[in-house]
Every structure is written in structure tokens, then in C-alpha cells.
Amino acid sequence: MEFEISLKNVRFYAFHGVLDEERETGNEFVVNFSVFIPFSDQIGEDNIADTVSYAELFEIIAREMAEPRNLLETVAFSIVKKVKSRFPEVLRGHISIEKSRPPISSMLGQAVVTLHF
């Protein structure tokens, strides 16, 4: 058995992208993040120390989203590294980062990067 802990549709305004325009004007990004941790009987003791805090997950994601990068792949990888360092009990997970309005002429839709770990 295992628990899945998720943050869904978390929105950020950030300045990721290769183009100068993206670095100057920014874009809306949507992050979905899930981690899986082993089930433990200790969870019955109702102690935050026995799980992964989704508030701490959010803080890690927010800090990384605030640092402009060229590639969403780099942002996703950095978030995963920080989460796994802080919470070594994480077994696996996935993150997707969606750029709401990619700068592609006449494209209606989003660009999404997903990392499974």
C-alpha cells in the first residue's frame, strides 16, 4: 500500500522560456505534482512528521518556479531533485508543467512537459 500526495492545477506567473519576450513579459504556468510514499501504521498517530507535507511541496515548487529558466524540463528536474532531497521516503511521482500561452504563431493550446520519476 502507498499514499499519493498531490498538488493539482497550481498556477504561477513566471518568466521561463528561451525567447527574450518570454523572459520580459512572462506567462501563466500550471503545475500538477504527485508523489507516492509508503503506507505506515504510524499515520494513525496523526502526526505531520509521518507524511510528506503538501505545504512544503508547494514552497519548493514556488521557489523553483520563481527562478527563470530556459527549459521547463530544467524546472521540473530541479523541483524533483529538491523534493527527493527533502523527502527521501518518496518512492516515485510525476510532475507536469504547462505553459498556458506558448509563443507559437497561431497555436491555440498549451505546451506541457511531464517528468515521471
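The text that follows walks through the structure, step by step, so that each part is easy to find.

The rules behind each value
- Residues numbered from 1 in each chain as written.
- Predicted model: local features only at pLDDT ≥ 70, side-chain atom pairs only at ≥ 80, totals over all residues.
- Heavy atoms only, no water.
- Salt bridge = Lys/Arg side-chain N within 4 Å of Asp/Glu carboxyl O.
- Helix = DSSP H or I, 4+ residues; strand = E, 2+ residues; numbered from the N terminus.
- Buried < 20%, exposed > 50% of the residue type's maximum accessible area, 1.4 Å probe, protein only.
- Contact = heavy atoms within 4.5 Å.

Moving on, we come to the pattern of salt bridges. A complete count under the given rule lists seven salt bridges for this structure. For Lys 99, the salt bridge is made with Glu 22, and the minimal N-O distance between the two is 2.4 Å. Of this pair, Lys 99 sits in strand 3 (residues 92-99) while Glu 22 sits in helix 1 (residues 20-25), and the two are 77 residues apart along the sequence. A residue is classified by how much of its surface remains accessible, and Lys 99, at 9% relative accessible area, is buried.

Okay, the environment of Val 10 next. Secondary-structure assignment places Val 10 in strand 1 (residues 2-14). Given the relative accessible area of 16%, Val 10 is considered buried. Once the C-alpha coordinates of Val 10 and Ile 97 are considered, the two residues, 87 residues apart in sequence, prove to be 9.6 Å apart. Once you skip the residues sitting within four places of it in the chain, Val 10 turns out to touch Phe 29, Val 30, Val 31 and Phe 58.

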